[in-house]
Amino acid sequence: MKKLYLFTILAIIAITIFAFPTIASPEATGLILLGIGVTPIFSGSPIGLGQQPENYINQMIRSGKTGETINFGYGVGINVAGEVMTADETIAQPFVGIACASKDASDIENDRYLAQDPIGYLHTGILNVHCEEAAGETDTVRIRLENHAVDTTKLKGMFCKTADAGKTAVINGAKFRNTTTASGTISIFLPDSISLTND
């Protein structure tokens, strides 16, 4: 009898969750009382720079040590010493991925790593980045490898859609995953193999 009663309660909870998802909070359904934790994969709350807005089955995150201050969500490269640096045309590997957000960053309050921090960077997958201009899903994804000559808000490591000869490069196969109406946060997909075409 007790088993039938418990089964009936669980069935009612399941029906409530699937039929009325907007009211089916853990508290409303009693799942907390039953010791079943319920955490959505994507909470719907804003996700910041360097964070993952959606899953990608072949995601790859690599690690290293920073050689300078690096902002979350900025493009990164690797210098001749093997240190991870902000993406830059003058270093050995100008662009290898995107700096992931980390609680281990020395300056997490300002969303950045300091020199000599351990760093994780996305090589393949989807991550939120800083885009220097309005962009959308049909636009070409570029990485800035040198600071803009005049506009001091457009810095190396940022992403963009507009070519700036000698200073930006197309990330072949990369895609914007959503839209931003001004400079700010946008999601980018990086393909399994990264290659650049300089502007």
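Our subject is the structure that appears above.
Residues numbered from 1 in each chain as written. Predicted model: local features only at pLDDT ≥ 70, side-chain atom pairs only at ≥ 80, totals over all residues. Heavy atoms only, no water.

Undergrad: Can you walk me through the overall build of the chain in this structure?
TA: Each helix and strand counted, the chain has two helices and 13 strands in total. Across the chain, contacts joining residues at least 24 apart in sequence account for 61% of those joining residues at least 6 apart. In the structure as shown, the chain presents an accessible area of about 11100 Å², 57% of it carried by carbon and sulfur atoms. (Helix = DSSP H or I, 4+ residues; strand = E, 2+ residues; numbered from the N terminus. Contact = heavy atoms within 4.5 Å. Areas by Shrake-Rupley, 256 points an atom, 1.4 Å probe, with all protein chains shown as cover.)

Undergrad: I'm lost on the pattern of salt bridges in this one. Help?
TA: If charged atoms from side chains of opposite charge come close, those side chains can pair. One pass over the structure, following the stated rule, counts seven salt bridges. Arg 177 is the salt-bridge partner of Glu 54, the closest N and O atoms lying 2.7 Å from each other. Highlighted residues: Glu 54 in the loop between α2 (26–29) and β1 (60–65) and Arg 177 in the loop between β11 (175–176) and β12 (184–190), separated in sequence by 123 residues. For Arg 177, a relative accessible area of 37% translates into the label partly exposed. (Salt bridge = Lys/Arg side-chain N within 4 Å of Asp/Glu carboxyl O. Buried < 20%, exposed > 50% of the residue type's maximum accessible area, 1.4 Å probe, protein only.)

Undergrad: Can you help me understand the side chain of Arg 144 in this one?
TA: Considering the arrangement of structural elements, one finds Arg 144 in strand β8 (residues 142–144). Relative accessible area serves as the criterion here: at 2%, Arg 144 is assigned to the buried category. Polar contacts involving the side chain of Arg 144 include one to the side chain of Glu 132, which spans 2.9 Å. Side chain to side chain, Arg 144 and Asp 164 meet in a polar contact 2.9 Å long. Discounting chain neighbours no more than four positions away, the residues touching Arg 144 are Ala 87, Glu 132, Lys 154, Leu 155, Lys 156, Gly 157, Met 158, Asp 164, Lys 167 and Thr 168. (Polar contact = N/O pair within 3.5 Å; in protein donor to acceptor, adjacent residues only side chain to side chain.)

Undergrad: Can you help me understand the pairing of strand β7 (residues 118–131) in this one?
TA: A regular strand carries its side chains on alternate faces of the sheet. Most of β7 is tucked away: 13 of the 14 residues are buried. Here β1 runs beside β7; their pairing, made up of six bridges, is antiparallel. Within the sheet, the bridge partner assigned to Arg 62 lies in β7 and is Tyr 121. Here strand β5 (residues 93–99) pairs with β7 via two bridges, running antiparallel. (Pairing = 2+ DSSP bridges.)

Undergrad: Can you help me understand the nonpolar core in this one?
TA: One recurring pattern in soluble globular proteins: nonpolar side chains tend to sit buried together. Counting residues in each nonpolar core, the largest one holds 21 residues, and the members touching the most others are Phe 95, Ile 98, Ile 143, Phe 159, Ile 171, Ile 188 and Leu 190. Put simply, the parts of the chain that give this core at least two residues each are β5, β7, β10 (168–171) and β12. A total of four residues in this core trace back to one element, the largest contributor, which is β7. Ignoring any residue separated from it by four or fewer positions in sequence, one finds Leu 190 in contact with Phe 95, Gly 97, Ile 98, Leu 122, His 123, Thr 124, Gly 125, Ile 171 and Ala 174. Counting residues in each nonpolar core, the second largest holds 11 residues, with Val 84, Val 96, Ala 105 and Tyr 113 among its members. (Core = buried A, V, L, I, M, F, W, Y, C linked by side-chain atoms within 4.5 Å.)

Undergrad: Can you help me understand the environment of Lys 65 in this one?
TA: Position of Lys 65 among the secondary structure elements: in strand β1. As for Lys 65 and Val 84, which are separated by 19 residues in sequence, their C-alpha atoms are 5.8 Å apart. Setting aside residues up to four positions removed in sequence, Lys 65 forms contacts with Glu 83, Val 84, Gln 116, Asp 117 and Ile 119.

Undergrad: Just to check I follow, could you spell out the packing of aromatic side chains for this structure?
TA: Note on aromatic pairs: each is described by the distance of the centres and the angle between the planes. Evaluation of the coordinates by the stated rule reveals three aromatic pairs. Ring centres of Phe 95 and Phe 159 lie 6.2 Å apart, and the angle between their planes is 80°; on these two criteria the pair is classed as edge-to-face. In this pair, Phe 95 sits in strand β5 while Phe 159 sits in strand β9 (residues 159–160), placing the two residues 64 residues apart along the sequence. Take Phe 95 and Phe 159: they sit in the same class, and that class is buried. (Phe/Tyr/Trp six-rings, centres within 6.5 Å; stacked < 30°, edge-to-face > 60°.)

Undergrad: Mind showing me how you'd approach the state of the cysteines here?
TA: By definition, a disulfide is the covalent link that joins the sulfur atoms of two cysteine residues. Scanning the entire structure with this criterion turns up zero disulfides. Cys 131 takes part in no disulfide bond, and the closest cysteine sulfur to it belongs to Cys 160, at a distance of 6.8 Å. (Disulfide = S-S within 2.5 Å.)

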